[in-house]
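In case you want the letters, here they are:
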Amino acid sequence: MTFPLEGEQNVVVLVTNKHVVEEATEVTAVCHLADGDAPSGQFVPCTVLINADSVVPHPDPGTDLCALLFGPILHQAHDTGRPLFFCGLGPDLIPADDDWENFDAIEDVTMIGCPRGISDEVNNLPIVRRGITASALSKKYNGKDEFMVDMACFPGSSGSPIFLYDRNGYYDRKNDTYRMGSSRLKLVGVLYSGPLVTNDGRVVLEQIPRVIVNSMMHLGNALRATAVRDIELEIKRRLKL
């Protein structure tokens, strides 16, 4: 994410879940080197040390979201003559309050991530998956700033951004109009967990050991992207802006 500050300044962060960096000492992201305004096809590992100065947790202890300050990495790469290519998402992609109220009960959603660490390592690109909302975006799931998606959500997907992406038209409920040929892109959430089905199987031996088999339910729990705005405010509070 790229959060604008005063003037032309901004703060660049990597948004993920608290549990992703919990007990970690560092996080490494493989980044594209820049060739002007485009990726060069060359990659470099970039490491962020995990400490109180580099991690900005969501102010609510119960909200599994945090941000890693990535600006120092970008500045270091630029100063050494090896600038990084990146496309920062702006907070303008996060739905406004009236947007949430006007989403359909079922919306197509797209998630980008690396389930179980799977990615296109040759081209340094993540995996894209599509699904639908499993709970209405206009409602707070179980009273929390969350929603559910009907999508393959495996371990390693935590922190993945979830987008509402319509390429060739969508129904605008606010104005009761179908916008033929128009596109729409909104960052609606960040995945943080998924329910499991636990099946207990018994192997009858003398001491009867227990075997537990976990299986995914093809569902995922996501935090509303409005929680990212709370982190933006927390960063500005730290910077006394």
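What comes next concerns the included structure. The model shown is predicted, which means the values in this text are computed figures rather than measured ones. (Residues numbered from 1 in each chain as written. Predicted model: local features only at pLDDT ≥ 70, side-chain atom pairs only at ≥ 80, totals over all residues. Heavy atoms only, no water.)

**Section: the overall build of the protein chain**
Counting its secondary structure elements, the protein chain contains 4 helices and 17 strands. Residue burial in the protein chain is summarised as follows: out of 241 residues, 39% are buried. Within the protein chain, counting contacts between residues at least 6 apart in sequence, those at least 24 apart form 64% of the total. Roughly 14,200 Å² of accessible area belongs to the protein chain as shown, and the carbon and sulfur atoms make up 52% of that amount. (Helix = DSSP H or I, 4+ residues; strand = E, 2+ residues; numbered from the N terminus. Buried < 20%, exposed > 50% of the residue type's maximum accessible area, 1.4 Å probe, protein only. Contact = heavy atoms within 4.5 Å. Areas by Shrake-Rupley, 256 points an atom, 1.4 Å probe, with all protein chains shown as cover.)

**Things to note about the state of the cysteines**
Scanning the model with the defined rule gives 0 disulfides in all. You can see C46 has no disulfide; the closest cysteine sulfur is in C31, sitting 3.8 Å from it. The buried category is assigned to C46, whose relative accessible area is 7%. Left without a disulfide partner, C66 is nearest to the cysteine sulfur of C114, which lies 17 Å away. Overall, C66 belongs to the buried group, its relative accessible area being 1%. (Disulfide = S-S within 2.5 Å.)

**Some thoughts on the side chain of D172**
Here D172 is to be found in strand 12 (residues 169-172). Looking at D172, its side chain comes within polar contact range of the side chain of N175, at 2.8 Å. Setting aside residues no more than four positions away along its own chain, D172 makes contact with T177 and R179. (Polar contact = N/O pair within 3.5 Å; in protein donor to acceptor, adjacent residues only side chain to side chain.)

**Describing helix 4 (residues 226-238)**
The α-helix winds at 3.6 residues per turn, so residues separated by three or four positions along the chain end up facing the same way. Its 13 residues place the ends of helix 4 19 Å apart at the C-alpha level, agreeing with the 18 Å of an ideal helix rising 1.5 Å per residue. Taken together, the buried positions of helix 4 are T226, A227, V228, I231, E232, E234 and I235. Backbone geometry just downstream of helix 4 places K240 in the positive-phi region, at approximately 60 degrees. (Expected span 1.5 Å × (residues − 1).)

**A word on a nonpolar patch on the surface**
Nonpolar side chains collect at one region of the surface, where Y171, Y178 and M180 lie side by side and expose about 370 Å² of accessible area between them. Within the element layout of this structure, Y178 appears in strand 13 (residues 177-180). Its relative accessible area of 47% is what places Y178 among the partly exposed residues. (Patch = residues over 30% accessible without salt bridge, like charges linked within 9 Å, V, L, I, M, F, W, Y side chains within 5 Å. Salt bridge = Lys/Arg side-chain N within 4 Å of Asp/Glu carboxyl O.)

**Here's the deal with the packing of aromatic side chains**
Under the criterion given, the structure shown has 1 aromatic pair. Both rings, one in W100 and one in F103, keep their centres 5.7 Å apart while their planes meet at 90 degrees; by these two values the pair is edge-to-face. The exposure classification of W100 matches that of F103, with both residues buried. (Phe/Tyr/Trp six-rings, centres within 6.5 Å; stacked < 30°, edge-to-face > 60°.)

**Focus: the side chain of T2**
Turning to its location among the elements, T2 is positioned in strand 1 (residues 2-4). Here T2 falls in the buried class, since its relative accessible area comes to 17%. Excluding anything up to four places from it in sequence, T2 contacts N10, V11, V12, F86, G88, L89, G90 and P91.

**Observations regarding helix 2 (residues 71-79)**
Turning to helix 2, its buried residues are G71, I73, L74 and A77. For helix 2, the buried positions fall inside an angular range of 160 degrees around the axis, keeping them on one side. Exposed residues lying more than 90 degrees from the buried face of helix 2 are P72, H75, Q76 and D79. Of the surrounding secondary structure, the elements contacted by the buried residues of helix 2 are strand 2 (10-16), strand 4 (38-49), strand 6 (66-69) and strand 7 (84-85). Of the residues flanking the end of helix 2, it is G81, one or two places downstream, whose phi is positive at about 80 degrees. (Arc of directions from axis to C-beta.)

**Details of the pattern of salt bridges**
A full pass over the atoms with the stated rule returns 9 salt bridges. The closest approach of N and O atoms between K174 and D98, which form a salt bridge, is 2.6 Å. Taken together, the positions of K174 in the loop between strand 12 and strand 13 and D98 in helix 3 (residues 97-101) put the pair 76 residues apart, joining distant regions of the chain. Salt bridges here are not isolated pairs; linked through shared partners, they connect E107, D166 and R184.

**Quick word on the sheet that holds strand 7**
Ordered in space as 4-3-7, the 3 strands form an open sheet in which the pairing is antiparallel. Only two strands of the sheet have a single neighbouring strand rather than two, namely strand 4 and strand 7. Of the strand pairs in this sheet, strand 3 (residues 26-35) and strand 4 are connected by 9 bridges, and their pairing is antiparallel. For T28, the partnering residue across the bridge sits in strand 4 and is T47. (Pairing = 2+ DSSP bridges.)

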